[in-house]
Amino acid sequence: MGGFVNDIETNEVTQSLNSSLIGSTESQITSSANSIIMGSVSSSIRYSNISTIIGGLSNQILHSSSLLPSNIVGSGIIGGTNNIINALPSLDSQSKIANTYIYGGSGNDILANLPNGTSLHSIINGTILGGINNHIVNGLSPVVIGGFSNTVSANNGTIINGSGCHVSHSTSCIIGKTNFTTTAENTLYVSNIDVSGTGSFGRLETTVISSSIIYSSGSNIFGDSLADGDTHTFY
């Protein structure tokens, strides 16, 4: 009621106030008020109010009827293929999936469930931008940008490019690594850094000792031992 449906032979809107299917085929909106599918093929929105799918193929926003309607709002998929936003049926009625978006890519998903099956409560402001088979499974404002088979399951966790990585600690970020999992909060993980300007550090720790950093013994500039008679020369 209050919406618009083109191609009524292949599209369907049921129990969805003010929802519309425009320029789409073989698509459905079910129990999702104020939602829209535009210019898409074989896509669907179910139990997700104020949600949007624009373009693409076989994209889905699917939730369980057991979740409170006010808790499943504002999700969207823009383009891409086989992208999914889904609150699994195992979640309790207080679980919340809100303001989550997937932009392009293929096989990406935002699922309120950990890989081991442990149900979680919320994904809010989650975003996947492109890439293939990337996943967000929990958290406030998690982000994945590009890459392949990356997963974020922590608040404010971010992955940029790379493959097979997992951010499981809050406010941590992985950039361009392969098959890597975070080990601490508030940490940036990157394989190599090329700084053309000035780098400033409050504290710098190294795990590899080389001749370019410090000599193990002998009289040298910045030698490492006073007890063994190293001569420390400063200019």
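In the block above lies the structure referred to throughout.
Structural notes, computed from the coordinates. (Residues numbered from 1 in each chain as written. Predicted model: local features only at pLDDT ≥ 70, side-chain atom pairs only at ≥ 80, totals over all residues. Heavy atoms only, no water.)

1. Let's talk about the overall build of the protein
Link 1 in the chain: Of regular secondary structure, the protein possesses 0 helices and 23 strands.
Link 2 in the chain: Counting all 235 residues of the protein, 39% fall into the buried class.
Link 3 in the chain: For the protein, the proportion of contacts with a sequence separation of at least 24, taken over those separated by at least 6, is 22%.
Link 4 in the chain: Carbon together with sulfur atoms contributes 54% to the accessible area of the protein, which is approximately 12,300 Å² in total. (Helix = DSSP H or I, 4+ residues; strand = E, 2+ residues; numbered from the N terminus. Buried < 20%, exposed > 50% of the residue type's maximum accessible area, 1.4 Å probe, protein only. Contact = heavy atoms within 4.5 Å. Areas by Shrake-Rupley, 256 points an atom, 1.4 Å probe, with all protein chains shown as cover.)

2. Some points on the environment of I160
Link 1 in the chain: For I160, the position within the fold is in strand β20 (residues 158–160).
Link 2 in the chain: Distance in space between the C-alpha atoms of I160 and G176 is 6.2 Å, their sequence separation being 16 residues.
Link 3 in the chain: Those residues in contact with I160 that sit more than four places away from it in its chain are I145, C173, I174, I175 and G176.

3. Focus: the packing of aromatic side chains
Link 1 in the chain: If you walk through the whole model with that rule in mind, you get 2 aromatic pairs.
Link 2 in the chain: Judged by centre distance (5.7 Å) and plane angle (20°), the rings of Y101 and Y103 are stacked.
Link 3 in the chain: Assessed through its relative accessible area of 23%, Y101 is described here as partly exposed.
Link 4 in the chain: Just above the ring of F180 sits the side chain of K177; from NZ or CZ to the centre is 4.8 Å. (Phe/Tyr/Trp six-rings, centres within 6.5 Å; stacked < 30°, edge-to-face > 60°. Lys NZ or Arg CZ within 6 Å of the ring centre and 35° of its normal.)

4. Here we look at the sheet that holds strand β21 (residues 166–167)
Link 1 in the chain: The 9 strands lie next to each other as β1-β3-β5-β7-β10-β13-β16-β19-β21, forming an open sheet whose pairing is parallel. Of all the strands in the sheet, just β1 (12–14) and β21 have a single pairing partner and so form its edges.
Link 2 in the chain: As paired strands, strand β3 (residues 28–30) and strand β5 (residues 44–46) are joined by 3 bridges and run parallel to one another. Bridge pairing in β5 places Q28 opposite S44. (Pairing = 2+ DSSP bridges.)

5. Section: the nonpolar core
Link 1 in the chain: Residues I85, I110 and I136 are the most contacted members of the largest nonpolar core, which totals 23 residues.
Link 2 in the chain: In this structure, I85 is in contact with Q60, I61, L62, H63, S75, G76, I77, I97, T100, Y101, I102 and I110, ignoring residues within four places of it in sequence. (Core = buried A, V, L, I, M, F, W, Y, C linked by side-chain atoms within 4.5 Å.)

6. Notes on the sheet that holds strand β9 (residues 76–78)
Link 1 in the chain: Strand order in the open sheet formed by 10 strands is β2-β4-β6-β9-β12-β15-β18-β20-β22-β23, and the pairing between neighbours is parallel. One side of each edge strand has no neighbouring strand; the edge strands of this open sheet are β2 (20–22) and β23 (188–190). Looking at each pair of strands side by side, their axes are set apart by 5° on average, direction ignored. (Axes fitted to C-alpha atoms, helices over the stretch in contact; angles between N-to-C directions.)

7. Examining a nonpolar patch on the surface
Link 1 in the chain: Taken together, the side chains of Y103, L129, I145, I160, I175 and L188 make up a nonpolar region of the molecular surface, amounting to roughly 470 Å² of accessible area.
Link 2 in the chain: With respect to the secondary-structure elements, I145 resides in strand β18 (residues 143–145).
Link 3 in the chain: With relative accessibility at 33%, the residue I145 sits in the partly exposed group. (Patch = residues over 30% accessible without salt bridge, like charges linked within 9 Å, V, L, I, M, F, W, Y side chains within 5 Å. Salt bridge = Lys/Arg side-chain N within 4 Å of Asp/Glu carboxyl O.)

8. Comments concerning the environment of G176
Link 1 in the chain: On the secondary structure map, G176 appears in the loop between β22 (173–175) and β23.
Link 2 in the chain: Along the backbone, G176 and N192 are 16 residues apart, and their C-alpha atoms lie at a distance of 9.1 Å.
Link 3 in the chain: Setting aside residues no more than four positions away along its own chain, G176 makes contact with I160, N161, G162 and S191.

9. Focus: unusual backbone geometry
Link 1 in the chain: Of note, N34 is a non-glycine position whose phi angle comes to about 55°, a positive value.
Link 2 in the chain: Within the fold, N34 resides in the loop between β3 and β4 (36–38).

10. What to know about the side chain of S75
Link 1 in the chain: By secondary structure assignment, the location of S75 is in the loop between β8 (72–73) and β9.
Link 2 in the chain: When neighbours within four sequence positions are excluded, S75 is seen to be in contact with S48, I50, S51, T52, I61, H63, I85, I97, T100 and Y101.

11. Digging into the side chain of N150
Link 1 in the chain: Tracing the chain through its elements places N150 in the loop between β18 and β19 (151–152).
Link 2 in the chain: Residues within four places of N150 in sequence aside, it is in contact with N133, N134, H135, V144, I159, N161, G162, S163, G164 and C165.

12. Notes on the environment of S141
Link 1 in the chain: Locating S141 in the fold gives a position in the loop between β17 (139–140) and β18.
Link 2 in the chain: On the basis of relative accessible area, S141 is assigned to the partly exposed category, the value being 24%.
Link 3 in the chain: Leave out the neighbours within four places in its chain, and S141 touches I124, N125, N156 and G157.

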